[in-house]
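Observations on chain architecture
The chain contents come next:
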Amino acid sequence: MEPKKTVHKLGILLSGKGSNFMAIHRAIADGRIQGAEIAVVISNKPGAGGLEAARSLGLTALAIPQEGKGPEAREAHDTRMIAALTDHGVDLVCLAGYMRIITPAFVEAFPSRILNIHPSLLPAFPGLDAQRQALEYGTKVAGCTVHFVDEIVDHGVIVLQSTVPVLDEDTGDTLAARILEQEHLAYPEAISRVLSGRYHVVGRRYLLKS
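First, a word on scope: everything that follows refers to the structure included in this document. (Residues numbered from 1 in each chain as written. Predicted model: local features only at pLDDT ≥ 70, side-chain atom pairs only at ≥ 80, totals over all residues. Heavy atoms only, no water.)

1. What about the pattern of salt bridges?
Put simply, the rule reads: By definition, a salt bridge exists where a carboxyl oxygen of Asp or Glu is found within 4 Å of a side-chain nitrogen of Lys or Arg. With a 1.4 Å probe rolled over the protein chains alone, any residue whose accessible area is under 20% of its type maximum counts as buried; one over 50% counts as exposed, and the rest are partly exposed.
Applying the stated criterion across every chain yields a total of 6 salt bridges. For Arg32, the salt bridge is made with Asp30, and the minimal N-O distance between the two is 3.1 Å. By relative accessible area, Arg32 is classed as partly exposed at 40%. On the basis of relative accessible area, Asp30 is assigned to the partly exposed category, the value being 49%.

If you want it as structure tokens, here you go:
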């Protein structure tokens, strides 16, 4: 009798249409991410297109908007998010266009188990409008970064980066579109690497085990 294979449960957080979520779903379906399933998709925006897409695929999709304003409301919201992810047995949290800064309590609830993708080659151009920042700075190479999430925005240990040349004729929109194509490849690959467990972290360096 073959031993039962471990199935890792992913929790996807999004705020928009969810193109990276769909890329992750396709990667699971075609075997590029093995031993994983999407346990729940959650958005802070009830009208997010990604929730509709998840429901059309038969996945559990939840809207958890923040109630009220200020630090206490933010903490209360993240407490509800943590509870929902825990209730669904999530092993790895994947931020896929989740346009919120999560609280330290959220990070502590899933230590080294939260991934994010950012449309720049970190540590360059953290925060919003990374593609515009790259163009205005005059860089010749841009790209995307998949990293573990810690208490500082766009700061955690880097798992994988993918590069895109910046063309003379680029606008913010054309550069963003080419970077997004790489995001859809890089994020599933990074998830697969993390779920394999075949790595260790030395300082800030993510290193594959030999």
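2. Examining the pairing of strand β4 (residues 92-95)
The line we're drawing: Under the scheme used here, helices are H or I runs from DSSP no shorter than 4 residues and strands are E runs no shorter than 2 residues, and both carry numbers assigned from the N terminus. Here the rule is simple: two strands pair whenever DSSP picks up at least two bridges between them.
Residues Leu92 and Cys94 point to one face of β4 and Val93 and Leu95 to the other, with burial holding for every one of them. Sheet topology places strand β1 (residues 8-14) next to β4; 4 bridges connect them, and they run parallel. Its bridge partner being in β4, Leu13 is matched across the sheet by Leu95. Strand direction decides the pairing type here: β4 and strand β5 (residues 114-118), joined by 3 bridges, are parallel. If you follow Val93 over to β5, its bridge partner there is Ile114.

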